[in-house]
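Now for the letters of each chain:
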Amino acid sequence: MLKGYFKFLSVTVFSLVSLFLLSSCATTGNHKVLYFAHSLPTSHPVHKGILAMQESLHSKSDGNLQLKIFPDGQLGSEREALELLQIGSIAMTKVSASALSNFAPEYQITVIPYLFRDSEHLFNNLEGEVGQQLLEGGTEYLLRGICFYDAGARSFYTKDRPVHSPSDLDGLKVRVQNDQMSVDMANTLGASATPMAFGELYTALQQNVVDGAENNIPSFVSSNHFEVCKYYIFDEHTMVPDVVIIGTKFWDLLSDQEKGWLEAAAQESVVKQKQYWAETVAENMKMLKEAGVEFIYPDKAPFVSKSKPVMERLMKDSKLRPIIDKINSN
Ligand code: GCU
(Lines give C-alpha, C1' and ligand atoms only; values in the text may rest on other atoms or scores of the structure.)
Protein backbone atom coordinates (compact mmCIF):
# COMPACT_ATOMS: atom_id res chain seq x y z
CA MET A 1 0.00 0.00 0.00
CA LEU A 2 2.71 2.41 1.12
CA LYS A 3 4.86 1.29 -1.81
CA GLY A 4 1.99 2.03 -4.20
CA TYR A 5 1.60 5.47 -2.64
CA PHE A 6 5.27 6.26 -3.15
CA LYS A 7 5.09 5.04 -6.70
CA PHE A 8 2.11 7.35 -7.28
CA LEU A 9 3.99 10.19 -5.64
CA SER A 10 7.11 9.68 -7.70
CA VAL A 11 5.12 9.44 -10.94
CA THR A 12 3.31 12.65 -9.98
CA VAL A 13 6.56 14.42 -9.12
CA PHE A 14 8.02 13.14 -12.38
CA SER A 15 5.07 14.53 -14.36
CA LEU A 16 5.17 17.84 -12.50
CA VAL A 17 8.89 18.13 -13.16
CA SER A 18 8.23 17.44 -16.85
CA LEU A 19 5.56 20.12 -16.96
CA PHE A 20 7.75 22.61 -15.16
CA LEU A 21 10.68 21.96 -17.44
CA LEU A 22 8.59 21.99 -20.55
CA SER A 23 7.46 25.46 -19.72
CA SER A 24 10.83 26.82 -18.66
CA CYS A 25 13.39 25.28 -20.98
CA ALA A 26 13.09 27.54 -23.96
CA THR A 27 14.55 30.95 -24.68
CA THR A 28 14.75 33.31 -21.69
CA GLY A 29 15.24 36.92 -22.74
CA ASN A 30 17.75 36.83 -25.53
CA HIS A 31 19.64 33.75 -24.41
CA LYS A 32 18.87 30.03 -24.48
CA VAL A 33 19.27 27.79 -21.46
CA LEU A 34 19.71 24.06 -21.91
CA TYR A 35 18.65 21.98 -18.91
CA PHE A 36 21.19 19.25 -18.18
CA ALA A 37 20.37 16.45 -15.70
CA HIS A 38 22.64 13.66 -14.46
CA SER A 39 22.83 11.21 -11.61
CA LEU A 40 26.31 11.69 -10.15
CA PRO A 41 27.26 13.67 -7.04
CA THR A 42 28.96 17.07 -7.43
CA SER A 43 32.27 15.75 -6.05
CA HIS A 44 32.53 13.33 -9.01
CA PRO A 45 35.11 14.05 -11.78
CA VAL A 46 32.39 13.61 -14.42
CA HIS A 47 30.36 16.41 -12.82
CA LYS A 48 33.51 18.55 -12.91
CA GLY A 49 33.80 17.81 -16.64
CA ILE A 50 30.23 19.01 -17.13
CA LEU A 51 31.02 22.18 -15.18
CA ALA A 52 33.97 22.76 -17.54
CA MET A 53 31.58 22.40 -20.50
CA GLN A 54 29.17 24.87 -18.90
CA GLU A 55 31.92 27.44 -18.39
CA SER A 56 33.38 27.03 -21.85
CA LEU A 57 29.95 27.26 -23.51
CA HIS A 58 29.20 30.44 -21.60
CA SER A 59 32.42 32.10 -22.70
CA LYS A 60 32.26 30.91 -26.34
CA SER A 61 28.68 32.07 -26.80
CA ASP A 62 29.11 35.20 -24.74
CA GLY A 63 26.31 33.95 -22.50
CA ASN A 64 23.89 33.40 -25.39
CA LEU A 65 23.79 29.65 -24.89
CA GLN A 66 23.96 28.34 -21.33
CA LEU A 67 23.69 25.09 -19.41
CA LYS A 68 21.70 24.72 -16.20
CA ILE A 69 22.88 21.59 -14.41
CA PHE A 70 20.73 19.32 -12.19
CA PRO A 71 23.17 16.79 -10.61
CA ASP A 72 22.71 13.94 -8.16
CA GLY A 73 19.65 12.36 -9.75
CA GLN A 74 17.50 15.38 -8.81
CA LEU A 75 15.37 14.78 -11.91
CA GLY A 76 15.39 10.99 -11.65
CA SER A 77 17.43 7.99 -12.70
CA GLU A 78 19.44 7.76 -15.93
CA ARG A 79 16.58 5.97 -17.65
CA GLU A 80 14.16 8.72 -16.61
CA ALA A 81 16.57 11.43 -17.79
CA LEU A 82 16.80 9.76 -21.21
CA GLU A 83 13.01 9.61 -21.38
CA LEU A 84 12.78 13.32 -20.50
CA LEU A 85 15.13 14.00 -23.42
CA GLN A 86 13.06 11.93 -25.79
CA ILE A 87 9.88 13.80 -24.95
CA GLY A 88 11.71 17.12 -25.11
CA SER A 89 11.26 18.12 -21.44
CA ILE A 90 14.94 18.65 -20.83
CA ALA A 91 17.73 19.17 -23.35
CA MET A 92 20.74 17.23 -22.12
CA THR A 93 21.99 14.46 -19.90
CA LYS A 94 25.08 12.43 -19.09
CA VAL A 95 24.54 8.72 -18.64
CA SER A 96 26.55 5.55 -18.63
CA ALA A 97 26.69 3.89 -22.07
CA SER A 98 25.06 0.90 -20.29
CA ALA A 99 21.90 2.91 -19.61
CA LEU A 100 21.90 4.12 -23.18
CA SER A 101 22.05 0.57 -24.52
CA ASN A 102 18.39 0.17 -23.46
CA PHE A 103 17.48 2.86 -25.99
CA ALA A 104 20.15 2.63 -28.70
CA PRO A 105 21.23 -1.04 -28.93
CA GLU A 106 24.61 -0.31 -30.60
CA TYR A 107 25.85 0.87 -27.20
CA GLN A 108 25.63 -2.73 -25.97
CA ILE A 109 29.09 -3.33 -27.36
CA THR A 110 30.59 -0.99 -24.72
CA VAL A 111 29.48 -3.42 -22.00
CA ILE A 112 31.33 -6.44 -23.42
CA PRO A 113 33.81 -7.63 -20.79
CA TYR A 114 37.47 -7.18 -21.70
CA LEU A 115 36.67 -5.83 -25.16
CA PHE A 116 38.92 -2.82 -24.70
CA ARG A 117 42.51 -3.69 -23.87
CA ASP A 118 43.27 -0.48 -22.02
CA SER A 119 42.40 3.17 -21.85
CA GLU A 120 44.36 3.95 -25.04
CA HIS A 121 42.51 1.26 -27.01
CA LEU A 122 39.21 2.51 -25.58
CA PHE A 123 39.73 6.15 -26.55
CA ASN A 124 41.28 5.36 -29.94
CA ASN A 125 37.97 3.71 -30.73
CA LEU A 126 35.65 6.16 -29.00
CA GLU A 127 37.37 9.15 -30.55
CA GLY A 128 37.55 7.51 -33.97
CA GLU A 129 35.04 6.03 -36.42
CA VAL A 130 33.42 3.65 -33.93
CA GLY A 131 32.65 6.44 -31.48
CA GLN A 132 31.31 8.68 -34.21
CA GLN A 133 29.01 5.89 -35.38
CA LEU A 134 27.69 5.37 -31.84
CA LEU A 135 27.14 9.08 -31.12
CA GLU A 136 25.36 9.77 -34.39
CA GLY A 137 23.47 6.45 -34.32
CA GLY A 138 21.56 7.62 -31.25
CA THR A 139 19.76 10.20 -33.39
CA GLU A 140 17.47 7.47 -34.64
CA TYR A 141 16.21 7.16 -31.05
CA LEU A 142 16.01 10.97 -30.55
CA LEU A 143 19.20 10.86 -28.47
CA ARG A 144 22.16 12.48 -30.18
CA GLY A 145 25.56 11.80 -28.63
CA ILE A 146 27.85 14.79 -28.10
CA CYS A 147 30.99 13.28 -26.53
CA PHE A 148 32.36 10.50 -24.35
CA TYR A 149 33.79 10.99 -20.88
CA ASP A 150 36.29 8.75 -19.13
CA ALA A 151 34.63 6.40 -16.67
CA GLY A 152 37.69 4.19 -16.15
CA ALA A 153 37.24 0.47 -15.61
CA ARG A 154 34.50 -1.19 -13.57
CA SER A 155 35.44 -3.76 -10.94
CA PHE A 156 33.56 -5.70 -8.29
CA TYR A 157 33.39 -4.61 -4.67
CA THR A 158 31.90 -6.57 -1.82
CA LYS A 159 30.80 -6.12 1.74
CA ASP A 160 32.23 -9.23 3.36
CA ARG A 161 33.56 -11.71 0.83
CA PRO A 162 37.04 -11.34 -0.70
CA VAL A 163 36.91 -12.30 -4.38
CA HIS A 164 40.03 -13.74 -6.00
CA SER A 165 38.50 -15.67 -8.88
CA PRO A 166 35.10 -15.95 -10.60
CA SER A 167 34.21 -18.94 -8.42
CA ASP A 168 34.20 -16.60 -5.40
CA LEU A 169 31.31 -14.73 -7.03
CA ASP A 170 29.14 -17.82 -6.81
CA GLY A 171 25.81 -17.00 -5.16
CA LEU A 172 26.84 -13.42 -4.47
CA LYS A 173 24.08 -10.85 -5.06
CA VAL A 174 25.75 -8.13 -7.06
CA ARG A 175 24.03 -4.91 -8.05
CA VAL A 176 24.45 -4.07 -11.73
CA GLN A 177 23.09 -1.30 -13.92
CA ASN A 178 19.57 -1.64 -15.27
CA ASP A 179 20.30 -3.16 -18.68
CA GLN A 180 20.44 -6.61 -20.21
CA MET A 181 24.16 -6.55 -20.97
CA SER A 182 25.15 -5.72 -17.40
CA VAL A 183 22.91 -8.50 -16.10
CA ASP A 184 24.39 -10.93 -18.61
CA MET A 185 27.95 -9.88 -17.75
CA ALA A 186 27.56 -10.47 -14.00
CA ASN A 187 25.58 -13.71 -14.37
CA THR A 188 28.05 -15.13 -16.87
CA LEU A 189 30.86 -14.44 -14.43
CA GLY A 190 28.97 -16.49 -11.82
CA ALA A 191 27.35 -13.78 -9.69
CA SER A 192 23.65 -13.33 -9.12
CA ALA A 193 22.93 -10.06 -10.93
CA THR A 194 20.54 -7.63 -9.22
CA PRO A 195 19.77 -4.62 -11.43
CA MET A 196 18.77 -1.36 -9.74
CA ALA A 197 19.28 2.39 -10.11
CA PHE A 198 22.54 3.83 -8.77
CA GLY A 199 20.72 6.12 -6.33
CA GLU A 200 19.16 3.15 -4.52
CA LEU A 201 22.38 1.24 -4.02
CA TYR A 202 23.76 2.67 -0.79
CA THR A 203 20.67 1.64 1.17
CA ALA A 204 20.53 -1.71 -0.63
CA LEU A 205 24.11 -2.46 0.46
CA GLN A 206 23.46 -1.29 3.99
CA GLN A 207 20.33 -3.42 4.32
CA ASN A 208 21.94 -6.52 2.77
CA VAL A 209 19.61 -6.48 -0.23
CA VAL A 210 22.82 -7.01 -2.20
CA ASP A 211 26.26 -8.30 -1.15
CA GLY A 212 28.24 -6.08 -3.47
CA ALA A 213 28.29 -4.12 -6.68
CA GLU A 214 30.67 -3.08 -9.44
CA ASN A 215 31.88 0.32 -10.48
CA ASN A 216 34.90 2.54 -11.04
CA ILE A 217 36.88 4.03 -8.13
CA PRO A 218 35.45 7.61 -8.22
CA SER A 219 31.87 6.30 -8.15
CA PHE A 220 32.72 3.83 -5.34
CA VAL A 221 34.06 6.76 -3.33
CA SER A 222 31.71 9.64 -4.16
CA SER A 223 28.67 7.46 -3.45
CA ASN A 224 30.19 6.48 -0.08
CA HIS A 225 29.78 2.79 -0.90
CA PHE A 226 33.28 2.28 0.50
CA GLU A 227 31.81 2.89 3.96
CA VAL A 228 29.91 -0.39 3.70
CA CYS A 229 32.16 -2.46 1.40
CA LYS A 230 35.46 -3.80 2.69
CA TYR A 231 36.88 -5.25 -0.53
CA TYR A 232 37.58 -3.69 -3.93
CA ILE A 233 38.68 -6.26 -6.51
CA PHE A 234 40.61 -4.93 -9.52
CA ASP A 235 39.29 -7.44 -12.06
CA GLU A 236 38.44 -4.48 -14.37
CA HIS A 237 35.83 -6.44 -16.32
CA THR A 238 34.44 -3.56 -18.39
CA MET A 239 35.38 -0.05 -19.51
CA VAL A 240 31.91 1.41 -20.02
CA PRO A 241 32.28 5.09 -20.91
CA ASP A 242 29.99 7.92 -19.90
CA VAL A 243 28.17 9.70 -22.71
CA VAL A 244 26.87 13.27 -23.00
CA ILE A 245 23.60 13.33 -24.91
CA ILE A 246 21.34 16.02 -26.31
CA GLY A 247 17.75 15.28 -27.26
CA THR A 248 17.18 15.80 -30.98
CA LYS A 249 14.10 17.88 -30.08
CA PHE A 250 16.49 20.53 -28.74
CA TRP A 251 19.39 19.89 -31.10
CA ASP A 252 17.17 20.55 -34.10
CA LEU A 253 16.16 23.93 -32.64
CA LEU A 254 19.77 25.15 -32.37
CA SER A 255 21.32 27.29 -35.11
CA ASP A 256 24.52 26.09 -36.77
CA GLN A 257 26.46 28.60 -34.73
CA GLU A 258 24.93 27.34 -31.47
CA LYS A 259 25.65 23.73 -32.44
CA GLY A 260 29.25 24.73 -33.13
CA TRP A 261 29.62 26.40 -29.70
CA LEU A 262 28.21 23.35 -27.95
CA GLU A 263 30.42 20.89 -29.81
CA ALA A 264 33.55 22.96 -29.22
CA ALA A 265 32.72 23.38 -25.51
CA ALA A 266 32.16 19.62 -25.23
CA GLN A 267 35.52 18.85 -26.86
CA GLU A 268 37.32 21.18 -24.47
CA SER A 269 35.59 19.57 -21.51
CA VAL A 270 36.65 16.10 -22.70
CA VAL A 271 40.32 17.02 -22.30
CA LYS A 272 39.77 18.52 -18.86
CA GLN A 273 37.54 15.68 -17.68
CA LYS A 274 40.30 13.14 -18.34
CA GLN A 275 42.65 15.17 -16.12
CA TYR A 276 40.03 15.42 -13.35
CA TRP A 277 39.54 11.67 -13.65
CA ALA A 278 43.22 10.79 -13.25
CA GLU A 279 43.66 13.19 -10.31
CA THR A 280 40.56 11.90 -8.56
CA VAL A 281 41.52 8.22 -8.94
CA ALA A 282 44.95 8.93 -7.40
CA GLU A 283 43.44 10.85 -4.46
CA ASN A 284 40.69 8.28 -3.95
CA MET A 285 43.09 5.31 -3.88
CA LYS A 286 45.08 6.98 -1.11
CA MET A 287 41.97 7.78 0.87
CA LEU A 288 40.57 4.24 0.48
CA LYS A 289 43.78 2.69 1.82
CA GLU A 290 43.62 4.98 4.83
CA ALA A 291 39.97 4.08 5.32
CA GLY A 292 40.98 0.39 5.50
CA VAL A 293 39.43 -0.85 2.23
CA GLU A 294 41.33 -3.94 1.08
CA PHE A 295 42.48 -3.91 -2.57
CA ILE A 296 42.61 -7.29 -4.29
CA TYR A 297 44.49 -7.68 -7.59
CA PRO A 298 43.31 -11.05 -8.95
CA ASP A 299 44.68 -12.97 -11.91
CA LYS A 300 42.44 -11.66 -14.69
CA ALA A 301 42.79 -14.70 -16.99
CA PRO A 302 39.92 -16.74 -15.43
CA PHE A 303 37.63 -13.67 -15.55
CA VAL A 304 38.52 -13.12 -19.21
CA SER A 305 37.80 -16.72 -20.21
CA LYS A 306 34.64 -17.10 -18.14
CA SER A 307 33.11 -13.94 -19.61
CA LYS A 308 33.83 -14.83 -23.26
CA PRO A 309 30.26 -16.07 -24.00
CA VAL A 310 28.96 -12.51 -23.51
CA MET A 311 30.82 -11.34 -26.61
CA GLU A 312 30.03 -14.55 -28.50
CA ARG A 313 26.30 -13.98 -27.96
CA LEU A 314 26.49 -10.40 -29.19
CA MET A 315 28.51 -11.43 -32.26
CA LYS A 316 25.39 -13.22 -33.51
CA ASP A 317 23.78 -9.83 -34.09
CA SER A 318 24.56 -8.83 -37.67
CA LYS A 319 24.47 -5.10 -36.84
CA LEU A 320 26.82 -5.38 -33.88
CA ARG A 321 29.31 -7.87 -35.27
CA PRO A 322 31.04 -5.44 -37.67
CA ILE A 323 31.53 -2.90 -34.85
CA ILE A 324 33.01 -5.55 -32.55
CA ASP A 325 35.28 -6.82 -35.36
CA LYS A 326 36.49 -3.31 -36.01
CA ILE A 327 37.33 -2.73 -32.34
CA ASN A 328 39.12 -6.07 -32.12
CA SER A 329 41.20 -5.28 -35.19
CA ASN A 330 42.13 -1.73 -34.08
C1 GCU B 1 29.05 5.08 -13.19
C2 GCU B 1 28.49 5.98 -14.26
C3 GCU B 1 27.11 6.44 -13.93
C4 GCU B 1 26.21 5.26 -13.59
C5 GCU B 1 26.84 4.41 -12.51
C6 GCU B 1 26.01 3.16 -12.20
O7 GCU B 1 29.25 5.80 -12.04
O8 GCU B 1 29.33 7.12 -14.40
O9 GCU B 1 26.60 7.12 -15.03
O10 GCU B 1 24.96 5.68 -13.13
O11 GCU B 1 28.13 4.02 -12.92
O12 GCU B 1 26.60 2.14 -11.89
O13 GCU B 1 24.78 3.22 -12.28
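Residues numbered from 1 in each chain as written. Predicted model: local features only at pLDDT ≥ 70, side-chain atom pairs only at ≥ 80, totals over all residues. Heavy atoms only, no water.

1. Let's talk about the overall build of the protein
- Along the backbone of the protein there are 13 helices and 12 strands.
- By its C-alpha atoms, the protein is 60 × 50 × 40 Å across when sized along the principal axes.
- Burial statistics for the protein: of 330 residues in total, 55% are counted as buried.
- The long-range share in the protein, meaning contacts at least 24 apart out of those at least 6 apart in sequence, stands at 75%.
- One finds the centroid of the 30 positive side-chain charges in the protein at a distance of 3 Å from the centroid of its 39 negative side-chain charges. (Helix = DSSP H or I, 4+ residues; strand = E, 2+ residues; numbered from the N terminus. Buried < 20%, exposed > 50% of the residue type's maximum accessible area, 1.4 Å probe, protein only. Contact = heavy atoms within 4.5 Å. Lys, Arg positive; Asp, Glu negative; His and termini not counted. Charge placed at Lys NZ, Arg CZ, Asp CG, Glu CD.)

2. Thoughts on the confidence of the model for the protein
- Averaged over the protein, the pLDDT score is 93; the fraction of residues at 70 or greater is 91%.
- Below pLDDT 50 for its whole length, residues 1-26 participates in 23 contacts with residues either more than four positions away or in separate chains. (pLDDT = per-residue confidence, 0-100.)

3. A closer look at the environment of Ser 223
- Topologically, Ser 223 is positioned in the loop between helix H9 (217-222) and strand E10 (231-238).
- The residues touching Ser 223, leaving out its near neighbours within four places in the chain, are Phe 198 and Tyr 202.
- Within the local environment of Ser 223, its side chain forms a polar contact with the backbone oxygen of Phe 220, the two atoms lying 3.3 Å apart. (Polar contact = N/O pair within 3.5 Å; in protein donor to acceptor, adjacent residues only side chain to side chain.)

4. What to know about the side chain of Ser 223
- Using a relative accessible area of 16% as the deciding quantity, one classes Ser 223 as buried.
- In terms of polar contacts, Ser 223 uses its side chain to reach the backbone carbonyl oxygen of Ser 219, at 2.5 Å.

5. A word on the sheet that holds strand E7 (residues 173-176)
- Strands sit in the order E8-E7-E9-E6-E10-E12 across an open sheet of six strands; the sheet is mixed. Only two strands of the sheet have a single partner each, and these edge strands are strand E8 (192-195) and strand E12 (294-296). For this sheet, the mean angle separating the axes of adjacent strands, direction not counted, is 30°.
- Bridging between strand E6 (residues 154-158) and strand E9 (residues 212-215) involves four bridges; their strand directions are antiparallel. Bridge assignment links Phe 156 to a residue of E9, and that residue is Glu 214. (Pairing = 2+ DSSP bridges. Axes fitted to C-alpha atoms, helices over the stretch in contact; angles between N-to-C directions.)

6. Quick word on the nonpolar core
- Of all hydrophobic cores here, the largest spans 44 residues; its most connected members are Leu 100, Tyr 107, Ile 109, Ile 112, Val 243 and Ile 324.
- Looking at which domains feed residues into this core, each of domain 1 (5-150 + 241-282) and domain 2 (154-239 + 284-329) gives three or more.
- One finds Val 46, Tyr 149, Trp 251 and Leu 262 within the second-largest nonpolar core, a separate group that totals 28 residues. (Core = buried A, V, L, I, M, F, W, Y, C linked by side-chain atoms within 4.5 Å. Domains from an automatic or database assignment.)

7. Describing the layout of surface pockets
- In this structure, the largest pocket encloses a volume near 890 Å³.
- Contributions of two or more residues to the lining of the largest pocket are made by helix H1 (2-24), helix H3 (78-86), strand E4 (92-96), helix H4 (97-100) and H9.
- The class makeup of the residues in the lining of the largest pocket is 13 nonpolar, 19 polar and 10 charged.
- Shared between two domains, the lining of the largest pocket takes at least three residues from each, and those domains are domain 1 (5-150 + 241-282) and domain 2 (154-239 + 284-329).
- Of the volumes computed, that of the second largest pocket is approximately 380 Å³.
- Lining the second largest pocket we find 26 residues, and of these Gly 152, Ala 153, Glu 236, Met 239 and Lys 300 sit closest to its centre. (1 Å grid on protein atoms, 1.4 Å probe; cavity = no way out; pocket = protein on both sides within 12 Å on 5 of 7 lines; lining within 4 Å. Points joined across faces, edges and corners; volume = space filled by probe spheres on them. Nonpolar A, V, L, I, M, F, W, Y, C, P; charged D, E, K, R; others polar.)

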